[in-house]
Amino acid sequence: MSWSDVFILLGTLLVCALALWLLQHFVPHRKRESHNDVAGFIFAAVGVMYAVLLAFVVIAVWQNLDSARQTTFKEADALAGVYWISRELPLPMGSQLEHNTLEYARTVQDTEWPLMSQHRSSPQATQLVYAMRSEVLGFTPADARQQVLFEHAVTHVEDLASERRARLTEVDDSVPPILWVALIAGGLLTVGFTYLFGLSNTVAHGLMVLTLTALVVVSLLLVKEMDFPFTGVTRVEPTAFEVFLSRLPPPR
């Protein structure tokens, strides 16, 4: 949780506490106690509906996050396939293809990953994919063994390009604005219902209201942090490319 999230949480709790104090001052609990039974039934229904909505959104953003993480590993696996085949291809084409795979991994890890937090991509990484595709498709096999390597290389390059497109598409995966409206409005309604109850113990009432408010706000902040897969405290890291680069054999 970032400092801005902490300030949002504390500010919301302060506003709710002030609102409750004003309510107790202008509408004493004695005037609200008669509505406790009816308000309790309605509050139970509102709370369940909001919990279902919130759970649905949290599960959806978590699935988006997990999908983005899996996409990065599939992309790195396809890149590794191109790399290992390049070491079996004849020079100078194999050497150049090997160099481009390593350059692509480093560019994605060091340059493109920070850009994705700004919803951008690296033109250099895109050009490297184009170069690898051109090198593979421009290769003419000389025997049956090279024909097999060529076919596998084409498959891996196409998988690499496909997974890269998927990753760049997932950069902009987010909760639709209409769902944010529903989440915020539902949170306000759920917390607002607690003000209708009248309790003689103001401290106990205040603790109940603030506890529920904190739970709702923390849940919304969690959704915000997971909203974009490559930003926030839960962001996907370039672990797959780091593993690939850390386990390379000596250059041939």
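For the structure itself, look to the data block above.
Residues numbered from 1 in each chain as written. Predicted model: local features only at pLDDT ≥ 70, side-chain atom pairs only at ≥ 80, totals over all residues. Heavy atoms only, no water.

**So, the packing of helix α4 (residues 93-116) against helix α5 (residues 123-137)**
Here is the rule we go by: Only C-alpha atoms enter the line fits that serve as axes; for helices the fit covers just the stretch in contact. Angles between N-to-C directions range over 0 to 180 degrees. A run of H or I in DSSP counts as a helix once it spans at least four residues, and a run of E counts as a strand once it spans at least two, with each numbered from the N terminus. For classification purposes, angles smaller than 35 degrees are called roughly parallel, those larger than 145 roughly antiparallel, those between 65 and 115 roughly perpendicular, and all remaining angles oblique. Each crossing gets its handedness from the near helix: less than a right angle anticlockwise from the far helix is left-handed, clockwise is right-handed. The contact criterion used throughout is that any non-hydrogen atoms of two residues lie within 4.5 Å. Residue classes follow a fixed rule: Ala, Val, Leu, Ile, Met, Phe, Trp, Tyr, Cys and Pro count as nonpolar, while Asp, Glu, Lys and Arg count as charged, and any other residue, Gly among them, counts as polar.
Packing of α4 against α5 brings their axes to within 9 Å, and their N-to-C directions diverge by 160°. Taken together, α4 and α5 sit at an angle that is classed as roughly antiparallel. Along this stretch, α4 crosses α5, giving a crossing that reads as left-handed. Along its contact with α4, which presents M93, Q96, L97, N100, T101, E103, Y104, T107, V108 and E112, the element α5 presents Q124, A125, L128, V129, A131, M132, E135 and V136. Looking at the contact of α4 with α5 residue by residue, the classes come out as 10 nonpolar, five polar and three charged.

**As for the pattern of salt bridges**
What counts here: For this analysis, a salt bridge means a side-chain nitrogen from Lys or Arg found within 4 Å of a carboxyl oxygen belonging to Asp or Glu. For each residue, the accessible area found with a 1.4 Å probe, counting protein chains only, is set against the maximum for its type, and the residue is called buried under 20%, exposed over 50%, and partly exposed in between.
Following the criterion strictly, the structure yields nine salt bridges and no others. The shortest N-O distance in the salt bridge between E88 and R145 comes to 2.9 Å. With E88 in the loop between α3 (36-86) and α4 and R145 in helix α6 (residues 144-170), the pair connects residues that are 57 residues apart, well separated along the chain. The class of E88 is partly exposed, set by a relative accessible area of 43%. A relative accessible area of 48% means that R145 is categorised as partly exposed. Between E112 and R167 there is a salt bridge whose closest N-O contact spans 3.0 Å. Within this pair, whereas E112 is found in helix α4, its partner R167 is found in helix α6, the two being separated by 55 residues in sequence.

**Details of the nonpolar core**
What counts, and what does not: As used here, the term nonpolar core means buried Ala, Val, Leu, Ile, Met, Phe, Trp, Tyr and Cys residues forming a set that is joined through side-chain atoms within 4.5 Å.
Formed by 54 residues in total, the largest nonpolar core has its most connected members in L79, Y104, M132, F241 and F244. For this core, the elements supplying multiple residues, two or more each, are α1 (3-26), α3, α4, α5, α6, α7 (177-193), α8 (202-226) and α9 (239-246). Ranked by residues supplied to this core, first place goes to α3 with 13 residues. In contact with F244, other than residues within four places in its own chain, are L79, A80, Y83, T101, L102 and A105.

**Looking at the side chain of T194**
Going by this rule: Definition of a polar contact: a pair of N or O atoms within 3.5 Å, with one able to donate and the other able to accept a hydrogen when the atoms are protein atoms, and with sequence-neighbouring residues admitted only if both atoms are side-chain atoms.
Tracing the backbone shows T194 in the loop between α7 and α8. Within polar-contact distance, the side chain of T194 engages the backbone oxygen of V191 at 2.4 Å. Not counting residues within four places of it along the chain, the set of residues in contact with T194 comprises F43, H205, V209 and L212.

**What to know about unusual backbone geometry**
Glycine aside, a negative phi is what most residues show, and trans is what most peptide bonds show. A cis amide bond, omega 0°, links L91 with the succeeding residue P92. In this structure, P92 sits in the loop between α3 and α4. Of note in the backbone geometry, H119 takes a positive phi value of approximately 60° without being a glycine. Residue position: H119 is located in the loop between α4 and α5. Judged by relative accessible area, H119 falls into the partly exposed class, the value being 35%.

**Some remarks on the side chain of S219**
Structurally, the position occupied by S219 is in helix α8. Within the structure, S219 has its side chain in polar contact with the backbone oxygen of L215 (distance 2.8 Å).

**Considering α5**
Note the threshold: Here the expected length of a helix is defined as 1.5 Å per residue gap, with one fewer gap than residues.
The end-to-end C-alpha separation of α5 is 21 Å, in line with the 21 Å expected for 15 residues at 1.5 Å each. When α5 is considered as a whole, its buried residues turn out to be A125, T126, L128, V129, M132, E135 and V136.

**Focus on the environment of F26**
Inspection of the secondary structure assignment puts F26 in helix α1. Taking the C-alpha atoms as reference points, F26 and L65, separated by 39 residues in sequence, lie 47 Å from one another.

**Describing a nonpolar patch on the surface**
Rules: Patch membership is restricted to residues that have no salt bridge and whose relative accessible area is over 30%. Joining uses 9 Å for like charges and 5 Å for the nonpolar side chains Val, Leu, Ile, Met, Phe, Trp and Tyr. Residue-level accessible areas treat just the shown protein chains as cover; the underlying method is Shrake-Rupley with a 1.4 Å probe.
A cluster of nonpolar side chains, L18, W21, L22, F26 and V27, forms an exposed patch at the surface whose accessible area comes to about 520 Å². The residue W21 is located in helix α1 in this model.

Any functional reading would require information that these geometric values do not contain.
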